[in-house]
Amino acid sequence: MSALLSLRNVWVEYGDKVVLERVNLDIEAGSFVSIVGPSGAGKSSLLRVVLGQEAPSRGSILLDDTPLAPECGPDRGVVFQRYSVFPHLSVLRNTLFGLECAQAPLTARLFGGRRRTALAEAEEMLIAVGLGDNLHLYPAEMSGGMQQRLAIAQALIKRPRILLLDEPFGALDPGIKADMHALITRLWSDYSLTVIMVTHDIKEAFTLGTRVLALDKRRHDPHAPNRFGATVVYDLPLNKRQAVSAPAESGITIDSFNNI
Ligand SMILES: Nc1ncnc2c1ncn2[C@@H]1O[C@H](COP(=O)(O)OP(=O)(O)OP(=O)(O)O)[C@@H](O)[C@H]1O
């Protein structure tokens, strides 16, 4: 089976600073890929090139064997750590807005039957993320966890095939985080998503992922720290029933990641 998403010799460079080098990856449809790595390793940069926010400086990215359009497309949705919701719009309008932009790109407004259909769709999505009783709240009236639920609804309303998560739960309290883990696992399955999640939380990476990738530099030049970029140094497929033992079987222990 060919991969949904393929990265072929992808490099990300800013001026003479090499951030990522020689990244080769095949990501299967339906997988949940966790990406870990030290601060500055280029995890967010990798998500940005997959999202289409920026082009790799070398190499190519293929979606269904077709080169990725150099722009954010509806097939990819994203949720960031910091809330990306619009403060002046209610929960329902925040979610509706994504559909309005997609269906009426010039005016970002829908009318009549199309608006009613879009509203019903937005409401259904908000019920799915647990905000069905909060349709008319504004972001300032909501907790951090609720705002992230809204950010997820905004990303999913356009029915992306790939959901990119950049430390989506990093700012949340542990109890709320556990609720969000249950939510994202359910949505991943219900919406047949392929998820790529950047996290600093190793436990989260192994708990949620079907595969864990670690990005780091293989080579260092102490005299020219920008000369070498990070690449995939560990690629661990997890049998979810054996998620805890998978690193040991690979000769890698959780301790290997402790400094990440
Ligand atoms: N637009 C840019 N111009 C120049 N340098 C950049 C740009 N974007 C990112 N960088 C640099 O690229 C490197 C990787 O940044 P990136 O945010 O991808 O790392 P990260 O692994 O996600 O880090 P963290 O875990 O701290 O969020 C950093 O050194 C950063 O300063």
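This one's a predicted model, so the numbers in the text were calculated from it and none came from an experiment.

1. Quick notes on the nonpolar core
In step 1: Among the nonpolar cores identified, the biggest contains 38 residues, and Leu 126, Val 129, Ile 152, Leu 163, Phe 169, Ile 184 and Val 195 are the most heavily contacted of them.
In step 2: Elements with a contribution of two residues or more to this core: α2 (91-103), α3 (112-128), α4 (144-156), β7 (162-166), α5 (174-190) and β8 (194-198).
In step 3: In terms of residues, this core owes the most to one element, α4, which gives six residues.
In step 4: Viewed by domain, this core spans two of them, domain 1 (1-75 + 161-260) and domain 2 (85-159), each represented by three or more residues.
In step 5: If you look at the next biggest cluster of nonpolar residues, it comprises 29 residues, including Leu 20, Ile 27, Leu 68 and Leu 215.

2. Some words on the pairing of β8
In step 1: Most of β8 is tucked away, with five of its five residues classed as buried.
In step 2: One ladder, built from four bridges, connects strand β3 (residues 32-36) with β8; its direction is parallel. Bridge pairing in β8 links Phe 32 to Val 195.
In step 3: With five bridges connecting them, β7 and β8 associate as parallel partners. Opposite Leu 163, over in β8, you have Val 195 as the bridge partner.
In step 4: Following the backbone out of β7, through α5 and into the adjacent parallel β8, one traces a crossover that is right-handed.

Thresholds, definitions, all that
- Residues numbered from 1 in each chain as written.
- Predicted model: local features only at pLDDT ≥ 70, side-chain atom pairs only at ≥ 80, totals over all residues.
- Heavy atoms only, no water.
- Core = buried A, V, L, I, M, F, W, Y, C linked by side-chain atoms within 4.5 Å.
- Buried < 20%, exposed > 50% of the residue type's maximum accessible area, 1.4 Å probe, protein only.
- Helix = DSSP H or I, 4+ residues; strand = E, 2+ residues; numbered from the N terminus.
- Domains from an automatic or database assignment.
- Pairing = 2+ DSSP bridges.
- Right-handed = clockwise from strand over helix to strand, strands pointing away.

Scope: geometric values only; no functional claims are made or implied.
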